[in-house]
Amino acid sequence: MSAARTALMAGAGAALVHAGPAVAAVGPVRRRLMPGLAGIGDRGHVALTFDDGPHPQATTELLRRLDRAGVRATFFLLGRMVEKHPEVARAIADGGHEVGVHGYEHSLLVKRGPRATRDDLDRATQTIVAVTGAQPRWWRPPYGVASTAALVEARRLRLRPVLWTCWGRDWTDTCTADSIYRSVMRRLSGGGTILLHDSDYAAAENCWLSMLAALPAILTTCTARGLRVGPLAEHGIPA
Ligand SMILES: [Zn+2]
């Protein structure tokens, strides 16, 4: 089993215990051994990523705010949500943001069979391409946990797996703008990838309101530290 596969498959047990949408934190060892998988890129740049959308209210408001701030990001989309809200998915791509694949359903892949896993990734990718007209380059498995079948299929689809180096823990019903900001800042450094959620699809209802409230301070701190913020496409992750 490759190191990357081990990393992506780690945490499955934890996922069954915790209800949160992201359980496989990228630890120091993993960051050092697999910087590309962890989303580590250019030291002067921070990648801003959002999972679980598109969401009609959350994504639309987020796009408005990112546009005002002059910041672009990477959105890991769910095929089911793209089908439900195609106009929002198109607005992401039309706004100059990058789209990535999260899955069709938001399922823990190690709990699904190889065929269901392949179908999920294929359907998600086809839906995203058909609706947005963009060709995704990145794939982030739900909960940060993949399976062998998923990794093989992602490779066939030319999707590169990427996780994150810091998160806002913005999926709980107790998160606040301040808790999200502090959670991101705890591990944020140049070259890192931030995980946030522009949806409550797999999270506490309306938790994205706290994410939106936290965003200005996160962007301001990055700028104050001399870090550029943008999508994974501009993150300079080594091939
Ligand atoms: Zn997710």
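Residues numbered from 1 in each chain as written. Predicted model: local features only at pLDDT ≥ 70, side-chain atom pairs only at ≥ 80, totals over all residues. Heavy atoms only, no water.

### Thoughts on the overall build of the protein
Next up, step 1: Secondary structure summary: the protein contains 11 helices and eight strands in total.
Next up, step 2: The buried share among the 239 residues of the protein stands at 56%.
Next up, step 3: Sequence separation of 24 or more characterises 78% of the internal contacts of the protein that already satisfy a separation of 6 or more.
Next up, step 4: Accessible surface computed for the protein: about 10,200 Å², of which carbon and sulfur atoms make up 51%. (Helix = DSSP H or I, 4+ residues; strand = E, 2+ residues; numbered from the N terminus. Buried < 20%, exposed > 50% of the residue type's maximum accessible area, 1.4 Å probe, protein only. Contact = heavy atoms within 4.5 Å. Areas by Shrake-Rupley, 256 points an atom, 1.4 Å probe, with all protein chains shown as cover.)

### Observations concerning the coordination of the zinc ion
Next up, step 1: Taken together, the protein donors to the zinc ion comprise D52 (OD), H102 (NE2) and H106 (NE2), at separations of 2.1 to 2.2 Å.
Next up, step 2: Sequence positions of the donors to the zinc ion reduce to the motif D-x49-H-x3-H.
Next up, step 3: Judged by its relative accessible area of 1%, H102 falls in the buried class.
Next up, step 4: Judged by relative accessible area, H106 falls into the buried class, the value being 11%. (Donors = N, O, S within 2.8 Å, 3.2 Å for Na, K, Ca; no water.)

### Concerning the pattern of salt bridges
Next up, step 1: Under the counting rule described, the total for this entry stands at 10 salt bridges.
Next up, step 2: D51 is paired through a salt bridge with R140; the nearest N and O atoms lie 2.8 Å apart. Placement of D51 in strand β1 (residues 45–53) and of R140 in the loop between β4 (138–139) and α9 (148–156) is noted, with a sequence separation of 89 residues between them.
Next up, step 3: Since its relative accessible area comes to 3%, D51 is described here as buried.
Next up, step 4: A salt bridge links R182 to D178; the nearest nitrogen and oxygen atoms lie 3.0 Å apart. One end of the pair, R182, and the other, D178, are both in helix α10 (residues 177–187), four residues apart, so they sit about a helical turn from each other. (Salt bridge = Lys/Arg side-chain N within 4 Å of Asp/Glu carboxyl O.)

### Brief notes about the packing of helix α5 (residues 58–69) against helix α7 (residues 86–94)
Next up, step 1: Between α5 and α7, whose axes approach to 10 Å, the crossing angle comes to 20 degrees. When the interaxial angle is binned, α5 and α7 end up roughly parallel. Pair α5 / α7 crosses with left-handed handedness. Contact with α5, carried on its side by T59, T60 and L63, involves V88, A91 and I92 of α7 and no other residues of that element.
Next up, step 2: Here the residues of the contact of α5 with α7 are counted per class, giving four nonpolar, two polar and no charged. (Axes fitted to C-alpha atoms, helices over the stretch in contact; angles between N-to-C directions. Parallel < 35°, antiparallel > 145°, perpendicular 65-115°, else oblique. Left-handed = near helix turned anticlockwise from the far one by under 90°. Nonpolar A, V, L, I, M, F, W, Y, C, P; charged D, E, K, R; others polar.)

### A word on the pairing of strand β3 (residues 98–103)
Next up, step 1: Burial analysis of β3 places six of its six residues in the buried class, the great majority of the element.
Next up, step 2: For strand β2 (residues 74–78) and β3, the ladder comprises five bridges, and the chain directions are parallel. Residue pairing across strands places L78 opposite G103, the latter belonging to β3. (Pairing = 2+ DSSP bridges.)

### A word on the packing of α5 against helix α11 (residues 208–224)
Next up, step 1: With their axes 10 Å apart at the nearest point, α5 and α11 run at an angle of 10 degrees to one another. It follows from the interaxial angle that α5 and α11 lie roughly parallel. Where α5 approaches α11, its residues A58, E61, L62, R65, L66 and A69 are matched on the opposing element by W208, M211, L212, A213, L215 and L219.
Next up, step 2: Residue composition of the contact of α5 with α11, by class: 10 nonpolar, no polar and two charged.

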